[in-house]
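# Notes for the structure review
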Amino acid sequence: MVKSGTLILSVAARLLMPLQLLFSLFLLLRGHDEPGGGFIAGLVAAGAFALYLFAYGLTATRAMLRVSPRDLVGLGLFLGVLSTLPAWWNDQAFFTAQWWTIPLIDYKFSTPLIFDIGVYLVVLGSVLTAVVALVENDPD
Amino acid sequence: MRPEVALPILIPLMAGATSLLFWRLRLAQRLLAVGGTGALLLTSLWLLHSVSRDGILVMQMGDWPAPFGISLVADLFGAIMVVLTGIIGFAVALYSLATIGRGHEAFGYFPLMHLLLAGVAGAFLTGDIFNLYVWFEVMLVASFALLILGSEKAQMEGAIKYVTLNLLSSVIFLSAVGLLYGMVGTLNMADIAQRLSQVEESGMIDVLAVMFMVAFGIKAAAFPLFFWLPASYHTPPVAVSALFAGLLTKVGVYALFRVFTLIFHQNPGYTHEILVWGAGLTMLSGVLGAAAQYEFRRILSFHIVSQIGYMILGLALFTPLALIGGVFYIMHHIIVKTNLFLVSGFVNRLRGSYDLKKLGGLYRTHPWLAILFLIPALSLAGMPPLSGFFAKFIVIRAGIEAEAYGVTFIALLVGLLTLYSMIKIWAEVFWKSPPEPGENEPELAPVSQREMWQLYAPIVGLALCTVFIGLNGQPIYELASASADQLLDPTRYIDAVMSDSGEVAP
C-alpha cells in the first residue's frame, strides 16, 4: 500500500476530512430545491474518505469506516427502493412524494429525502468499493 | 392506483438491494433469489390478468401527469412479456442454486440477476422513450457484469465484442431519441405518436425510423450486426447464458414491435420493407452459422439469431395475422430457448464438456434427459404438436397471405435446417456411443440427489410450458390475437396514457 507519509498531506487530511463530511451533509440536506442532493454529496464524502485513504492507508481507513463499502451500496439501494413505497399506503402512484412535518423541531421530512440519502450511500459506497479494490490490487 | 403495473419492476429491485445487503449470507441470498423471482412471477400473472380484464393499465410515476412525468404502461403485449420474464427468472433462479459456484455467488451473482430482471421488466413496462433507454442501460450494465463473472479469458474476449456493439447501439438509440425530442418536444411515447402524425417532414421521420431500427436491431441480434451474440453467449456460467438467451435479445425485439407499431407506422412501404429483408437474412445467416458449429451452446446461440428473424418477420409483414404470429413466436421462443440452454448445462454437469465430439451415449445413462431435450428441440424446429409448430405455422401462413413468397420460402427452409441442427445435437450428444475417454480427463463429482432436483425442476417446468402452449394453441392464439389488435390500433394506447393524465393533450 502506498503510504505517502508526508507531513503536509497527513495533517491536511486530518483537518479537511471533518469539513468535507460536514459539507457533504450540508449538500445532502439542502438539495431538494437548491443545488446539491444525494449524488454530489456522496461524491464529496467519497472524496473525504479517499483523501484519508491516501494519507493513512487502507487499514486505517477500514478501521474508521467500520462497515464494508458494499454494505453501504446495499443499504443505499434498499433505502432508495423503500422510499417509493409509502405512496402506496396513501393509494397514490409509486414515487409520489410524501411530506411529514416533525412537530418539535419543525423540520419537513419527506420520501425524496430518504431517496437522496439512499443515493448518497450508493455513491459513497460504490466509489469507495472501486478505490479500495484499486488499492488492494496495488502490489506494493 | 394499480400497484401491479409497477410491482414487476420494484420487486426485483427490492430483492436485488436486499440480497446485496446480505452479501455475506449465502443462504439468505439463495432464498431471496427463489422468493424474489417467485414473487415476480406471481405479480406478473396478476398484471396479465388485470390487463386482459380491464384493458391497458397506466401508472403515472410520482403522480406527474403525462406527458411530463414518466408513465408506466401495461398493454397485453407488455404484460405477456413480463409474464415470460417472471417464468424465465424463476426457472433460472432455481437452476442457479445448483450451477452457480460459491465464487460467483460471492461476487454478487444474485443481486446482478435481480437487477437484470428489473431492467428487462422496466423495458417492457415503460411508456417513455428515454426511460426505455435507461432500462436498456440497466440491463446492459447488469449483463456485462454477469458476462465477465469469473474473469476467464474467453469471457473477456466475448465481453469486449458484446459491450462494444451494445454501446454502439445505445449511442445510436440515444442520438435518435435526441433528434426525436428536437422534432416533437416530448419523450412520452404516446405523446410522440400523437404529435408525429402532425409533422410535415416525412423524410426526417424515415431517417429516425431507420436509426431506431439499427439500434434495436443490434440489441435483437438481427442481420447484419448479430455477431456479438454467438461470440459471447457461450462463455459465462450456463445459468447466465440461459437468462440472456431467453430475455435479452427479446427486449430488442419488443422495442422494435413497440416503436414500429406505435410511433413509426406512417410509411410501412419503406421501413417495413427493410425489416422484411432484414428478417430473411437474419434467419438464413443464423441457421447457416449454426451448421458449422460443434459446440453445444454456440449452436444454440446461432439459432437465437435465426429465430429472431421469424419474430421480426411477423412485425415486418405488418398484417394482423403476422403480428399475432410474431407475438406467439416470442412467447414460444423465450421458453424453448432458455430450456435448451438449461439442458446443455445439465449435459455439461454430467460429462464436463460442451463439445459435441467429446459427448455421447447420454441416452443410455439418462433417457429422461434425452426426452426433455427432444421436447424443446423439436419445438424449436417446429414439430407438431409442440409450441413451435403453431408459431411457425402462423408466421408462414401470414407470409403466404401477404404474398411475400421469397421470405416465406426462406422461413420454411430455415425450419428444415433447424431440424437438421437439432438432430445433429441429438445424434452427437445422446445417441452415438461415447468416445474413448482421454488420458487425463478430470473426474467429475457425482451429482447429488438435491442437485438433481434443482437441475431437473426448471427443465421439466419449461418443457411442460412448451407442451402446454402446444396443446392449448387456441387460448394462447386468442391472447396473442388480442395483443396484436392493441398493437395495430395505437389510438387505444395513446388514449389510455393521455386520458389518465386528467387533462386533454395539446
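Bear in mind that the values here come from a model prediction, so they are computed numbers and not experimental data.

Thresholds applied
Residues numbered from 1 in each chain as written. Chains lettered and ligands numbered in written order. Predicted model: local features only at pLDDT ≥ 70, side-chain atom pairs only at ≥ 80, totals over all residues. Helix = DSSP H or I, 4+ residues; strand = E, 2+ residues; numbered from the N terminus. Rg over C-alpha atoms; globule rule 2.2 N^0.38 Å. Buried ≥ 20, exposed ≤ 12 C-beta atoms within 10 Å, placed from the backbone. Contact = placed C-beta atoms within 7 Å. Nonpolar A, V, L, I, M, F, W, Y, C, P; charged D, E, K, R; others polar. pLDDT = per-residue confidence, 0-100. UniProt positions renumbered as here; feature names shortened; annotations may be inferred. Expected span 1.5 Å × (residues − 1). Bend = angle between axes of the 7 residues up to and from the residue.

For the rest of this paragraph, the subject is the overall build of chain B. Within chain B, the secondary structure is distributed over 21 helices and 2 strands. Computed over the C-alpha atoms, the radius of gyration of chain B is 22 Å, within 12% of the 23 Å expected from 2.2 N^0.38 for a compact globule of 506 residues. Taken over the C-alpha atoms alone, chain B extends approximately 75 × 55 × 40 Å along its principal axes. In chain B, which comprises 506 residues, the proportion classed as buried is 60%. Looking at chain B alone, contacts between residues at least 24 apart form 81% of all its contacts between residues at least 6 apart.

Let us now look at unusual backbone geometry. In most cases, non-glycine residues show a negative phi, while peptide bonds are predominantly trans. Of note, the amide linkage connecting B:F223 to B:P224 takes the cis form, showing an omega dihedral of 0°. Structurally, B:P224 is set in the loop between α9 (202-219) and α10 (228-232). The omega torsion across B:P384 and B:P385 is 0°, close enough to zero to call that bond cis. Positioned with a positive phi, A:R66 is a non-glycine residue whose angle comes to about 70°. Residue position: A:R66 is located in the loop between α3 (58-65) and α4 (69-82). The backbone phi angle of B:A221 is positive, close to 60°, even though this residue is not glycine.

Moving on: the interface of chain A and chain B. Chain A puts 17 residues into the contact, and the matching count from chain B is 16 residues. For the side of chain A that touches chain B, the leading source of residues is α4(A), giving 8 residues. Residues of the side of chain A that touches chain B, tallied by class, amount to 10 nonpolar, 4 polar and 3 charged.

For chain A, per-residue confidence averages 86 on the pLDDT scale, and residues scoring 70 or more make up 94% of the total. Confidence, expressed as mean pLDDT per element, reaches its minimum in chain A at strand β2 (residues 107-110) of chain A with 80 and its maximum at α4(A) with 92.

Turning next to the UniProt feature "domain: Na+/H+ antiporter MnhB subunit-related protein" (unreviewed entry) in chain A. In the numbering adopted here, UniProt assigns the feature "domain: Na+/H+ antiporter MnhB subunit-related protein" (unreviewed entry) to residues 8-129 of chain A. In residues 8-129 of chain A, the share of helix is 71% and the share of strand is 7%. The end C-alpha atoms are 26 Å apart.

Residue and element names in this part refer to chain A. Under the local residue numbering, the UniProt record ascribes the feature "transmembrane region" (unreviewed entry) to residues 7-27, 39-60, 72-89 and 109-135. Secondary structure over residues 7-27 splits into 100% helix and 0% strand, and the C-alpha atoms at its two ends are 30 Å apart. Within the segment residues 72-89, helix and strand shares are 83% and 0% respectively, and the terminal C-alpha atoms sit 27 Å apart.

What follows concerns the environment of A:V119. Residues and elements named next belong to chain A. For V119, the position within the fold is in helix α6 (residues 111-137). Along the sequence, V119 and L28 sit 91 residues apart, while their C-alpha atoms lie 9.7 Å from each other. Setting aside anything within four residues of it in sequence, one finds V119 in contact with G38, F39, G42, G76 and G80.

All names here are of chain B. With 25 residues, helix α11 (residues 238-262) ought to run about 36 Å at 1.5 Å a step, and its terminal C-alpha atoms sit 36 Å apart, in line with that. Taken as a whole, α11 carries its principal kink of about 35° at F244. Along α11, 25 of the 25 residues are buried, which leaves the element largely enclosed by surrounding structure.

All names here are of chain B. Among the secondary structure elements, V92 is positioned in helix α3 (residues 76-99). V92 gets classed as buried once you count the C-beta atoms within 10 Å, which come to 30. Residues V92 and N339, 247 residues apart in the sequence, show an inter-C-alpha distance of 9.4 Å. The residues contacting V92, other than those within four sequence positions of it, are A239, A242 and L243.

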